[in-house]
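# Summary of structural features
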Amino acid sequence: MNNPLINPGLGTFVWMLVAFGILAFILMKWGWPALLQALHSREEAITKSLNEAALAREEMKGLVAHNEELLRQAKMERDEMLRNARLTSEKIVEDARNAATLEANRIVDNARESINYEKLKAMHELKNQIANLSIEIAEKLIRAELSDKPKADALIQKELEMMELK
């Protein structure tokens, strides 16, 4: 096993050490500061992002609370509107019921007046018919009574006596 990569000689070893030292020096001089600065910038960016996320989380909590308050207010307004609508509908129904009752009472009163008028009219006509019938009957009776002369004289005499008494 005489492979120079596995068992390097003393000269190769020294040159490898010199090359490694130069490389380490170059990296320490220019590479590490840039790398550390990039890591530091990255760390600051992550910290800043975490702080912004925390602020955003707090803001979201505030917005959620605000939204819940708005939702609660909206529900209260909805309930108030429903209550007002219910009261308005009840008032409209009550007003309609009162108007219908008044109209029904007016119609009933008009009907009663009409019935009374028709009743009086019918009674007047009935009285007129009764009077006419009475006159016709009396006329027929008087004709029958007056056709006989002695009876007619007795009737006239009787009527005259009745008139004198009054």
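Refer to the structure above for everything that follows.
First, a word on what this report is: a plain description of the structure on this page.

About the thresholds
- Residues numbered from 1 in each chain as written.
- Predicted model: local features only at pLDDT ≥ 70, side-chain atom pairs only at ≥ 80, totals over all residues.
- Heavy atoms only, no water.
- Helix = DSSP H or I, 4+ residues; strand = E, 2+ residues; numbered from the N terminus.
- Rg over C-alpha atoms; globule rule 2.2 N^0.38 Å.
- Buried < 20%, exposed > 50% of the residue type's maximum accessible area, 1.4 Å probe, protein only.
- Areas by Shrake-Rupley, 256 points an atom, 1.4 Å probe, with all protein chains shown as cover.
- Lys, Arg positive; Asp, Glu negative; His and termini not counted.
- Charge placed at Lys NZ, Arg CZ, Asp CG, Glu CD.
- Salt bridge = Lys/Arg side-chain N within 4 Å of Asp/Glu carboxyl O.
- Patch = residues over 30% accessible without salt bridge, like charges linked within 9 Å, V, L, I, M, F, W, Y side chains within 5 Å.

### Considerations on the overall build of the chain
- When its secondary structure is counted, the chain shows 2 helices and 0 strands.
- At 65 Å, the chain has a C-alpha radius of gyration far larger than the 15 Å of a compact globule built from 166 residues.
- Dimensions of the chain, computed from the C-alpha atoms along their principal axes, are close to 195 × 40 × 20 Å.
- Counting over 166 residues, the chain shows a buried share of 1%.
- Accessible area of the chain: about 15400 Å², with a carbon and sulfur share of 65%.
- Each charge class in the chain was averaged separately, 23 positive and 26 negative side chains, and the resulting centres sit 5 Å apart.

### Concerning the pattern of salt bridges
- Scanning the entire structure with this criterion turns up 8 salt bridges.
- Between Arg72 and Glu69 there is a salt bridge, with its nearest N and O atoms 2.3 Å apart. Pair noted here: Arg72 and Glu69 are both in helix α1 (residues 10–146), with a separation of 3 residues, about one helical turn.
- Arg72 sits in the partly exposed class, given a relative accessible area of 40%.

### Some words on a nonpolar patch on the surface
- On the surface, a nonpolar cluster with roughly 1100 Å² of combined accessible area is contributed by Leu10, Phe13, Val14, Trp15, Leu17, Val18, Ile22, Phe25, Ile26 and Trp30.
- Following the sequence through the fold, Phe25 ends up in helix α1.
- When its relative accessible area of 53% is taken as the criterion, Phe25 is described as exposed.

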